[in-house]
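# Structural features, examined
Chain by chain, the residues run as shown.
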Amino acid sequence: MKSRKSNCDPDSSGYTGRFAPSPSGPLHFGSLLAAVASYLDARSQRGRWLMRMEDLDPEREPPGTDKLILQQLQDFGLCWDGEVIYQSSRLSAYAEAFRQLDSRGLCYRCDCSRQRIKALGSVYDRHCRNRSLPDDSDAAIRLRTDDRKIEFEDLIQGPQSQQIAQQTGDFIIRRRDGLFAYQLAVVVDDAMQDITHVVRGWDLLESTPRQIYLQRLLGYRTPVYAHVPIITNESGQKLSKQHFAEPLDAAHRDKLLTRCLHFLGLQPGPEISRLSVAEQLRWATGRWHIQAVPKLATIPEVSLIPE
Ligand code: GLU
Ligand code: ZN
């Protein structure tokens, strides 16, 4: 079975949010924080909150991780609306978006080696732009970028601006191994699910201009964006499976959720730790202000620990 339904369905307003984990590992404290922020922002506006499994890269996804993540969310009382969307079942929609861009001459093949790209640093130098590699070549597909400046107001991090051609360069929308890139898939699905608000981790802030650029090319609406700080370990690294972040322990869910509320600027008093996760979420939904979230890129995990 590729979908699960949750049983809570709030009144609907014009707001639709989502949580979109990649099932490369179970959620850790950092991903829980993003999920809680996105959930509270949606529920405080009587919005819908959808779930999307970003399972585009099977080699990096241990089987069963999707179910594990859904169970973790339920353990924390974070119930979503409707069916879970799996990106692995949406490939024809990505192919269609790609065809649209390609038919307008906006795409080109790039067979630059990994070493060459690495040596360039973060901006691709357009080496393959005018080489006209044939459609069937063993190559990645890049999108041409132009000189326009992408500007948007992040609800937490404030005004943002990126000169996309100079700061990112022509970027990959289909990988050399044939997999569609995150940037294309996320934009197609945010549009298909009518997402109005994207609340997610700060590490994706720099991807946002690319996503807005794609939305404009494909004629999609741009949602409102808010990027919450990411949690770092003692060495200053983002909590992640690669850095051996501890998986969430459901036995300590009340305390872990209280910690999330602290990190998100909600200032829960000591009495809150006696509440269940469902009661804490209700309490927090009534007090949520996205403006209270610290305007920071990262927060060390050791700070702000209650008690
Ligand atoms: N799947 C992405 C991740 O887990 C998040 C995508 C998004 O929220 O836009 O990092
Ligand atoms: Zn190239």
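Use the structure listed above.
In this report, we go over the structure that sits alongside the text. (Residues numbered from 1 in each chain as written. Chains lettered and ligands numbered in written order. Predicted model: local features only at pLDDT ≥ 70, side-chain atom pairs only at ≥ 80, totals over all residues. Heavy atoms only, no water.)

## What to know about the overall build of the chain
Spelled out, the test is: Runs of E in the DSSP output that reach at least two residues are strands. Runs of H or I that reach at least four are helices, and both are numbered from the N terminus. Computation of the radius of gyration draws on C-alpha atoms, with the globule rule given as 2.2 Å multiplied by the number of residues to the power 0.38. Note on contacts: a residue pair is in contact if any heavy atoms of the two residues lie within 4.5 Å. Surface accessibility follows the Shrake-Rupley procedure with a 1.4 Å probe radius. Residue values consider only the protein chains on display as shielding. By the counting rule applied here, Lys and Arg register as positive and Asp and Glu as negative, while His and the ends of each chain are not counted. To locate a charge, take NZ of a lysine, CZ of an arginine, CG of an aspartate or CD of a glutamate.
Of regular secondary structure, the chain possesses 9 helices and 12 strands. Relative to the globule expectation of 19 Å for 307 residues, the C-alpha radius of gyration of the chain, 20 Å, shows essentially globular dimensions. Taking the principal axes of its C-alpha atoms as reference, the chain extends roughly 65 × 40 × 35 Å. Long-range pairs, those at least 24 residues apart, make up 76% of the contacts in the chain with a sequence separation of at least 6. For the chain, the accessible area works out to roughly 14,800 Å², and carbon and sulfur atoms hold 51% of it. Positive and negative side-chain charges of the chain, numbering 40 and 39 respectively, have mean locations separated by a distance of 3 Å.

## Re the coordination of the zinc ion (ligand 2)
Quick note on the threshold: The rule for donors is simple: an N, O or S atom within 2.8 Å of the metal counts, and for Na, K and Ca the reach is 3.2 Å. Water is not among the atoms, so a site may look short of donors. Under the classification used here, a metal with four donors is tetrahedral if each angle lies between 85 and 135 degrees, square planar if opposite donors are over 155 degrees apart and the others between 65 and 115, a six-donor metal meeting that same test is octahedral, and anything else is irregular. Three exposure classes are used, based on accessible area relative to the maximum for each residue type with a 1.4 Å probe and protein chains only: buried under 20%, partly exposed in between, and exposed over 50%.
Protein ligation of the zinc ion (ligand 2) involves C110 (SG), C112 (SG), Y124 (OH) and C128 (SG), the donor distances falling in the range 2.0 to 2.3 Å. For the zinc ion (ligand 2), the 4 donor atoms are set out with angles of 103 to 121° between them, so the coordination reads as tetrahedral. Donor residues for the zinc ion (ligand 2) sit on one chain with the sequence pattern C-x1-C-x11-Y-x3-C. Placement of C110 in strand 4 (residues 107-110) and of Y124 in the loop between helix 4 (114-120) and strand 5 (140-143) is noted, with a sequence separation of 14 residues between them. Here the two residues C110 and Y124 agree in accessibility, since each one is buried.

## What to know about the site of ligand 1
Convention followed: Any residue with at least one heavy atom within 4 Å of a molecule or strand is counted as near it. A 3.5 Å cut-off defines polar contacts: any pair of N or O atoms within that distance qualifies, except that in protein one atom must be a possible hydrogen donor and the other a possible acceptor, and neighbouring residues in sequence count only when both atoms are side-chain atoms.
Around ligand 1, a shell composed of R18, A20, P21, S22, E54, Y182, V186, R200 and L204 is seen. Within the contact set of ligand 1, an oxygen atom lies 2.7 Å away from a side-chain nitrogen or oxygen of R18. The separation between an oxygen atom of ligand 1 and a polar side-chain atom of Y182 is 2.8 Å. Within the complex, the protein chains bury 77% of what would otherwise be the 300 Å² of accessible surface of ligand 1.

## Thoughts on the sheet that holds strand 2 (residues 48-53)
Test applied: We call two strands paired when DSSP finds no fewer than two bridges between them. Between the N-to-C directions of two axes lies an angle of 0 to 180 degrees, each axis being a line fitted to C-alpha atoms and, for a helix, fitted only over the stretch in contact.
Strand order in the open sheet formed by 3 strands is 1-2-3, and the pairing between neighbours is parallel. The open sheet terminates on both sides in strands that have one partner only, identified here as strand 1 (16-19) and strand 3 (85-86). Sheet analysis places strand 2 next to strand 3, joined by 2 bridges and oriented parallel. In the sheet register, M53 faces strand 3, and the bridge partner there is Y86. Contacts between helix 1 (residues 29-44) and the sheet are confined to strand 1 and strand 2, with strand 2 contributing the most and set at about 145° to the helix. Against the sheet, helix 6 (residues 182-192) makes contact with strand 1, strand 2 and strand 3, and its axis sits at roughly 145° relative to strand 2, the strand it touches most.

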